[in-house]
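Tertiary structure, described
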Amino acid sequence: MQNLKATTVLHIAVIAATGIIFFLPLWWIFISAFRPEADIFKFLNPITIETFLPTRWTFEHVIALFQSTFGQALFNSLFVAVVTVLGGLVVCTTAAFALSVIEFPGRNLVFTIMIISFLIPFDAIALPLYEIMRGAELQNSYLGLILPGLGNGLAVFLLRQFFLGLPKELREAAMVDGMGWFQVFWRVYLPLSGPAMISAGLIMFIFQWQAYLWPLLIAPATEYKVAAVSIAQFSSAWGIAFGPIMAGAMFISLVPMIILVFFQPYFSNSVAATGSKE
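Quick notes on the rules
- Residues numbered from 1 in each chain as written.
- Predicted model: local features only at pLDDT ≥ 70, side-chain atom pairs only at ≥ 80, totals over all residues.
- Heavy atoms only, no water.
- Axes fitted to C-alpha atoms, helices over the stretch in contact; angles between N-to-C directions.
- Helix = DSSP H or I, 4+ residues; strand = E, 2+ residues; numbered from the N terminus.
- Parallel < 35°, antiparallel > 145°, perpendicular 65-115°, else oblique.
- Left-handed = near helix turned anticlockwise from the far one by under 90°.
- Contact = heavy atoms within 4.5 Å.
- Nonpolar A, V, L, I, M, F, W, Y, C, P; charged D, E, K, R; others polar.
- Phe/Tyr/Trp six-rings, centres within 6.5 Å; stacked < 30°, edge-to-face > 60°.
- Buried < 20%, exposed > 50% of the residue type's maximum accessible area, 1.4 Å probe, protein only.
- Lys NZ or Arg CZ within 6 Å of the ring centre and 35° of its normal.
- Salt bridge = Lys/Arg side-chain N within 4 Å of Asp/Glu carboxyl O.
- Expected span 1.5 Å × (residues − 1).
- Bend = angle between axes of the 7 residues up to and from the residue.

1. A closer look at the packing of helix H7 (residues 142-150) against helix H11 (residues 194-209)
The N-to-C vectors of H7 and H11 enclose an angle of 140°; their axes lie 10 Å apart at closest approach. Our classification of the angle between H7 and H11 gives oblique. Here H7 runs over H11; the crossing is right-handed. In this structure, H7 contributes Leu145, Ile146, Gly149 and Leu150 to the contact, and H11 contributes Met204, Phe207 and Gln208. The residue makeup of the contact of H7 with H11, split by class, is five nonpolar, two polar and no charged.

2. Here's the deal with the packing of aromatic side chains
Overall, the coordinates contain 22 aromatic pairs when judged by the stated rule. Summarising the aromatic geometry, the rings of phenylalanine 97 and tyrosine 189 are spaced 5.2 Å apart at their centres and angled 80° between planes, so their arrangement reads as edge-to-face. With phenylalanine 97 in helix H4 (residues 70-100) and tyrosine 189 in helix H10 (residues 181-192), this pair connects stretches of sequence that are 92 residues apart. Overall, phenylalanine 97 belongs to the buried group, its relative accessible area being 4%. On the basis of relative accessibility, which here comes to 1%, the residue tyrosine 189 falls in the buried class. Where phenylalanine 163 meets tyrosine 189, the ring centres are 5.6 Å apart and the plane angle is 80°; that geometry is what we call edge-to-face. Here tyrosine 189 lies in helix H10 and phenylalanine 163 lies in helix H8 (residues 153-164), a separation of 26 residues in the sequence. One aromatic cluster is present, built from ring pairs that chain together Phe97, Phe162, Phe163, Trp181, Phe182, Phe185, Trp186 and Tyr189. Cation over ring: arginine 160 sits above phenylalanine 111, and NZ or CZ is 3.8 Å from the ring centre.

3. Focus on the pattern of salt bridges
Throughout the structure, instances matching the rule amount to three salt bridges. For the salt bridge of arginine 134 with glutamate 131, the shortest nitrogen-to-oxygen distance reads 2.8 Å. Remark: glutamate 131 and arginine 134 occur in helix H6 (residues 122-135); sequence separation between them is three residues, near one turn of the helix.

4. Quick look at H6
In a regular helix each residue adds 1.5 Å, so 14 residues correspond to 20 Å; H6 covers 19 Å between its end C-alpha atoms and thus fits that length. At proline 128, H6 shows its strongest bend, of approximately 30°. Structurally, H6 contributes buried residues whose contacts are with H7 and helix H12 (213-218). Backbone geometry just after H6 places glutamate 137 at a positive phi near 55°.

So this is what it looks like as structure tokens:
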């Protein structure tokens, strides 16, 4: 019994230490957004309590950040991510339903290609994709930012595995009642897939929110810049304004953190269910 308690305490201590290790750099970025510029790196060596608890506070970096084009860029990031999630869920749920429920020639081949697609780094296909988008005259447009995120292979995989875990008797009973494939999808499978859809939505949201290379290539115009790209305006050959950069990093980090805090239970349950097969 004592050994069990000691093991439990050790596990808790390891988890707490790991959490602190990951939390401290993030906390340092957050509080650096409210330090005077001269104090941002002043207390890094040696590390003391003042490294993580500022003695002087200022809001000048946040003010400078939103006096620039960052506010518009933050809106662009939110708009692109939300529209991608809404449109992507339509694409990914229908694709996952077809790959898990409907029997058709080459289904396993299509699924294999889809698996390979999300294993390829996006950077490897960014330039060919840019050429396609340029040919369609989609540079500097919301559509050019959104389209590549609609078909997310990882989201399709997650939803397919969830659909495979649902009893096939539900589908058979619905078809006996005269439902077609779309009715089975819309009235039987979709209402049961809330947790999986939330998880797929989170994957697509994070994919778009943290994107840097693609927005930099396809939408360099100021009115279409996203938040991650907009921060770069505070770095130039004449110097780097670390304060506004820290403030921008804080806002970019807070949005997905807040979303994940609310939806993390659904994500965990859905991922745990992906191992189920019919």
